[in-house]
Amino acid sequence: MKRVLIDNEWNLFRLALLEDGEPVEFYVEQKQSIVGNIYIGRVVQVVPNLQAAFVDIGTGKNGYYYYGKTRAVSDETKERKPQVGQQLLVQVEKDTIGEKGAVLTQNISFAGKFLVLLPEEAGEIGISRKIKDESQRQYIRTILEKLLPKNCGAVVRTNGAGRTEQEFAKELQLLLQKWTSVQNAQYRMAPALLWEEYEPALQAAKDFYGADVHSFVVNDHKTYQTLQETGDFNGAGQPALQWYQESTPLFSAYYVESKLEKALAQKVWLKNGGFLVIEETEACVVIDVNSAKTAGKGDLEKNIWKTNLEAAKEVAKQMRLRNLSGIIIIDFIDMASKEYRQKLQKALEAEVAKDRIKTVVVGMTELGLMQVTRKKIKPSLQKQVTTKCRSCEGSGRVFSLDWTVAKMHRETEQCFANTTFRKISVLGDSRLLQAYAGKNNAFLAMMHRYYQAEVILCPQESTPFGWYAIEKIENHTKIVHHEKG
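Draft legend 1. The arrangement of helix H7 (residues 300-322) in detail. In this model H7 runs 31 Å from its N-terminal to its C-terminal C-alpha over 23 residues, within 8% of the 33 Å that 1.5 Å per residue would give. Asn323 sits one or two residues past H7 and shows a positive phi near 55°.

Draft legend 2. Expanded view of the pattern of salt bridges. Throughout the structure, instances matching the rule amount to 18 salt bridges. One salt bridge in this structure joins Glu25 and Arg320, with 3.0 Å as the shortest N-O distance. With a gap of 295 residues between them, Glu25 in strand E3 (residues 22-29) and Arg320 in helix H7 connect regions that are remote in the sequence. Across this residue pair, the class does not change: Glu25 and Arg320 are buried.

Draft legend 3. A look at the packing of helix H3 (residues 200-208) against helix H4 (residues 221-228). Contact pair H3 / H4: the axes reach a minimum separation of 9 Å and the direction vectors enclose 45°. Between H3 and H4, the angle falls in the class oblique. Of the two possible hands of crossing, H3 and H4 adopt the one that is right-handed. Counted together, Ala201, Leu202 and Ala205 of H3 and Thr223, Thr226 and Leu227 of H4 form the full contact between these two elements. For the contact of H3 with H4, the class distribution of residues is 4 nonpolar, 2 polar and no charged.

Draft legend 4. Geometry of the environment of Met1. Here Met1 shows up in the segment before strand E1 (2-9). A sequence separation of 213 residues divides Met1 from His214, and the C-alpha atoms of the two residues are 6.3 Å apart. Excluding its chain neighbours within four sequence positions, the residues that come into contact with Met1 are Leu18, Glu19, Asp20 and His214.

Draft legend 5. Inspection of the packing of aromatic side chains at higher detail. The tally for this structure, following the rule as stated, stands at 12 aromatic pairs. With centroids separated by 6.4 Å and ring planes inclined at 35°, the aromatic side chains of Phe26 and Phe251 adopt a geometry described as tilted. Here Phe26 is found in strand E3, whereas its partner Phe251 is found in helix H5 (residues 250-253), with 225 residues between them in sequence. In this structure Phe26 comes out as buried when scored by relative accessible area, which is 0%. For Phe251, a relative accessible area of 0% translates into the label buried. Residues Phe110 and Trp195 carry aromatic rings whose centres are separated by 6.4 Å and whose planes lie at 85° to one another, so their mutual orientation is edge-to-face. Placement of Phe110 in strand E9 (residues 110-111) and of Trp195 in strand E13 (residues 192-195) is noted, with a sequence separation of 85 residues between them.

Criteria and cut-off values
Residues numbered from 1 in each chain as written. Predicted model: local features only at pLDDT ≥ 70, side-chain atom pairs only at ≥ 80, totals over all residues. Heavy atoms only, no water. Helix = DSSP H or I, 4+ residues; strand = E, 2+ residues; numbered from the N terminus. Expected span 1.5 Å × (residues − 1). Salt bridge = Lys/Arg side-chain N within 4 Å of Asp/Glu carboxyl O. Buried < 20%, exposed > 50% of the residue type's maximum accessible area, 1.4 Å probe, protein only. Axes fitted to C-alpha atoms, helices over the stretch in contact; angles between N-to-C directions. Parallel < 35°, antiparallel > 145°, perpendicular 65-115°, else oblique. Left-handed = near helix turned anticlockwise from the far one by under 90°. Contact = heavy atoms within 4.5 Å. Nonpolar A, V, L, I, M, F, W, Y, C, P; charged D, E, K, R; others polar. Phe/Tyr/Trp six-rings, centres within 6.5 Å; stacked < 30°, edge-to-face > 60°.

And the structure:
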């Protein structure tokens, strides 16, 4: 059974996909994504050798637009080459990451739960390769040929399998309305936002909607109402939508809070005593497989094979859990047998086939390193919740301010909801305490209103970034000290 948990409180959106109670995907949003947004942008620089242009879309960092059809040293696509000062209708494919601006495209698309509309791509009909039944594929194609306007195309998502003509028609109408609104606004002066696509909860509904998801559990009433208004829940064949209102935080109630923290650890232990070391770099992700406690037990070659096989399953799991993407290099334990190496690659291919994000096992290099690519859609979990450490000049990472504040909020609410204490003091850097208190002390006021509780802020000088302590107080006597770093 699959369940989606959505924790949307205090400007931090967290999502966990559970399969039989175990988390298999985590997502954290600390800032508003602009993926899917459509802009009228102005070209500020053209780089012919890269067949690319930099476009001002009004977000403070110029987007990167590749106008070529094939990667080439020379510019062979003069008819597509934009000019400096030209206005372009563009859509964001990938968010800004670090120093890199957003990736832009002129191939506008609108994604729904069952299909993706491709305006001005007449006759283009694509169907997810995961829909394997040929009669179903032909049925879908016949429906779309009937419903699509002559100048539009579409790609059917995996969730489109088994949908009726009425369901496709309803969704297509909504997507065409979006395109019409963009067309009506495209003559505005650049740079300008024409369509704001991204709302994390609605995106989650699109990405995870399907018969195999049993329920969506949401702890925020506004988010609950937003999803409820779509009409996509609690009907026949639809996932259930639940508003979680208990005092215990949502992720803690489903035993995934601690597992989320473990998903950020560099070392991952295997059941047989081996372990993985996962290292994220700017260029790629490197995963090292170690035999550790399994070494020297019985037949060496068989032990190595068993460890590598277990590691392959865990690597596929960790790629989903941590949202690792781009180039991924896996250093399995060396195996002399060619047969075992081939079996290992097939085993890894079978595991990554379960991933809803496109993942390709390229194969082994001459040095015995397994090459994998996974499509980049969002930053990795580590980059979503941490920031570069200032103290070590960027060589390490620490939890971000938003992540730390959200954790402090959860611990505070757990204290007041599950104990008799009604007074605590919170120690930490003044900037951290200011963010914790919220604008106009909103969080402190909420604690007083809901729990008749008092929070005393105690700024500390020269404390490390992210360090805090929550002290429970009874009758003006400090009796419990709880520290987090």
